Amino acid sequence: MENLMFSLNATMPLFLLMVCGGVFKKIGWIDDIFATKMNGFVFKVALPVMVFHDLATVDFFDAWDTSFVCFCFFVTAISIVISAGASLFFDKSIRGEFIQGSYRSSAALLGIAFIQNIYGTSGMGPLMIIGSVPLYNIVAVLVLTLFKPGNDGKMDGALMKKTLIGILKNPIIIGIVIGFLWSALRIPMPVILEKTTSKLGAVASPLGLMAMGASFDIRQATGKIGPALTASLLKLVGFCAAFLPVAAKLGFYNEKMIAILVMLGSCSTVAGYVMAKNMGHEGVVSASCVMLTTMLSAFTLTFWLFVLRTFGLV
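Everything numeric in this text was worked out from a predicted model, so none of it was measured. (Residues numbered from 1 in each chain as written. Predicted model: local features only at pLDDT ≥ 70, side-chain atom pairs only at ≥ 80, totals over all residues. Heavy atoms only, no water.)

A word on the overall build of the protein
Assigned secondary structure in the protein consists of 15 helices and zero strands. Compactness check: the protein gives a C-alpha radius of gyration of 19 Å against a globular reference of 20 Å for 314 residues, within 12% of the reference. The long-range share in the protein, meaning contacts at least 24 apart out of those at least 6 apart in sequence, stands at 85%. For the protein, the exposed surface amounts to about 14,200 Å²; the carbon and sulfur share of it is 71%. The protein carries 22 positive and 15 negative side-chain charges, and their two centres are separated by 5 Å. (Helix = DSSP H or I, 4+ residues; strand = E, 2+ residues; numbered from the N terminus. Rg over C-alpha atoms; globule rule 2.2 N^0.38 Å. Contact = heavy atoms within 4.5 Å. Areas by Shrake-Rupley, 256 points an atom, 1.4 Å probe, with all protein chains shown as cover. Lys, Arg positive; Asp, Glu negative; His and termini not counted. Charge placed at Lys NZ, Arg CZ, Asp CG, Glu CD.)

Below you can see the structure in the form of structure tokens.
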């Protein structure tokens, strides 16, 4: 019972905040424009400030872990290969969306909120982001270009260049890099700056989760339910079942294990739907994956956390 309560206390507040966002949207306190602006503020300001604060106030040489970053990178790469293999069972026109929906997690928003709710800081989330998120974005462009309806399989070099520049200009990546440099150079953190960044970063999780809930449309979850459900189960169950035991075998416990759980088993990112639409895809599979994984992850994350807690891994 204690392990179950620990799991529920870690997951339920996050999803209740999402429910609040949906309720506020229903009664007219939040509209689509406001939700979009909230998402933008969280992504461009609050989350980068939060990870900067968490990293700048710790010892870089204690926080950095090369083996953990490499593990996140290679597991992400293997997950992508598995997703690509599973996509062969579906029509070519939706393979790009299927692959992206299967492997790409909401590591920055829901992921860091999840870790923060358990440990009070972003924990190993920034290192996990370094190992996985750049690969998320690069491969998303590759698969969405290769399987774009009407495409003959040619890659758009200009788009790849734009993607690489976008990764370098990603506010969260910038926050991580500045935070690590601040820590590595042992720059003193003035009290005024420390308190300001702490309070500003604290709004990231509640605002982001409510914005996600306000953007939720359950009707979109029924579009092309077959491939979307397959991708969702692979995302929330398959990869966790395959790689969490490997992580435990390699000695990744506590904060590292939670970050790996987030990388493997959190919901698909809304950015995947936006990217698919902007690159000429129908977007139905992407939207369905986001909706289904968001709904189901409330239960699957609780289950996996309960399992990890039961085996003493967190």
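Quick word on the state of the cysteines
For the structure shown, the criterion picks out zero disulfides. Free of any disulfide, cysteine 72 has its nearest neighbouring cysteine sulfur in cysteine 70, separated by 9.3 Å. Overall, the relative accessible area of 0% leaves cysteine 72 in the buried class. Cysteine cysteine 289 remains unbridged, with the sulfur of cysteine 267 as its closest cysteine sulfur at 11 Å. (Disulfide = S-S within 2.5 Å. Buried < 20%, exposed > 50% of the residue type's maximum accessible area, 1.4 Å probe, protein only.)

Here we look at the nonpolar core
In terms of nonpolar packing, the biggest core is built from 72 residues, with Phe68, Met128, Leu244, Ile260 and Leu264 touching the most fellow members. At eleven residues, the largest contribution of residues to this core is made by helix α7 (residues 125-146). Sequence-distant contacts of leucine 264, that is, excluding residues within four places in its chain, are made with Val75, Ser79, Ser105, Lys235, Phe239, Cys240, Phe243 and Leu244. Formed by eight residues, the second largest nonpolar core is a distinct cluster that contains Phe90, Phe98, Ala231 and Leu292. (Core = buried A, V, L, I, M, F, W, Y, C linked by side-chain atoms within 4.5 Å.)

Things to note about the side chain of threonine 76
As for its placement among the helices and strands, threonine 76 is situated in helix α4 (residues 66-87). Given the relative accessible area of 3%, threonine 76 is considered buried. Those residues in contact with threonine 76 that lie beyond four places of it in its chain are Ser132, Leu135, Tyr136 and Met263.

A word on unusual backbone geometry
It is generally the case that most residues other than glycine have a negative phi and that most peptide bonds are trans. The backbone of arginine 186 shows a phi angle near 55°, a positive value even though the residue is not glycine. Mapped onto the secondary structure, arginine 186 falls in the loop between α9 (171-184) and α10 (191-202). With phi around 50°, asparagine 254 is a residue other than glycine that occupies positive phi space. Within the fold, asparagine 254 resides in helix α13 (residues 254-265). By relative accessible area, asparagine 254 is classed as partly exposed at 41%.

Side note on a nonpolar patch on the surface
On the surface, Leu16, Val19, Val23, Ile27 and Trp29 cluster together into a nonpolar patch covering about 530 Å² of accessible area. Inspection of the secondary structure assignment puts tryptophan 29 in the loop between α1 (2-26) and α2 (32-56). (Patch = residues over 30% accessible without salt bridge, like charges linked within 9 Å, V, L, I, M, F, W, Y side chains within 5 Å. Salt bridge = Lys/Arg side-chain N within 4 Å of Asp/Glu carboxyl O.)

Some points on the pattern of salt bridges
When the charged atoms of two side chains lie near each other, side chains of opposite charge can form a pair. With the rule as written, the count across this model stands at two salt bridges. Between lysine 25 and aspartate 32 there is a salt bridge; the shortest N-O distance is 2.8 Å. The partner of lysine 256 in a salt bridge is aspartate 65, and the shortest N-O contact between them spans 2.3 Å. Residue lysine 256 is located in helix α13, and its partner aspartate 65 is located in the loop between α3 (60-63) and α4; the two are separated by 191 residues in the primary sequence. Classification of lysine 256 by relative accessible area gives partly exposed; the value is 24%. Residue classification places aspartate 65 among the buried positions, given a relative accessible area of 14%.

None of the figures reported here should be taken as evidence of function without further support.
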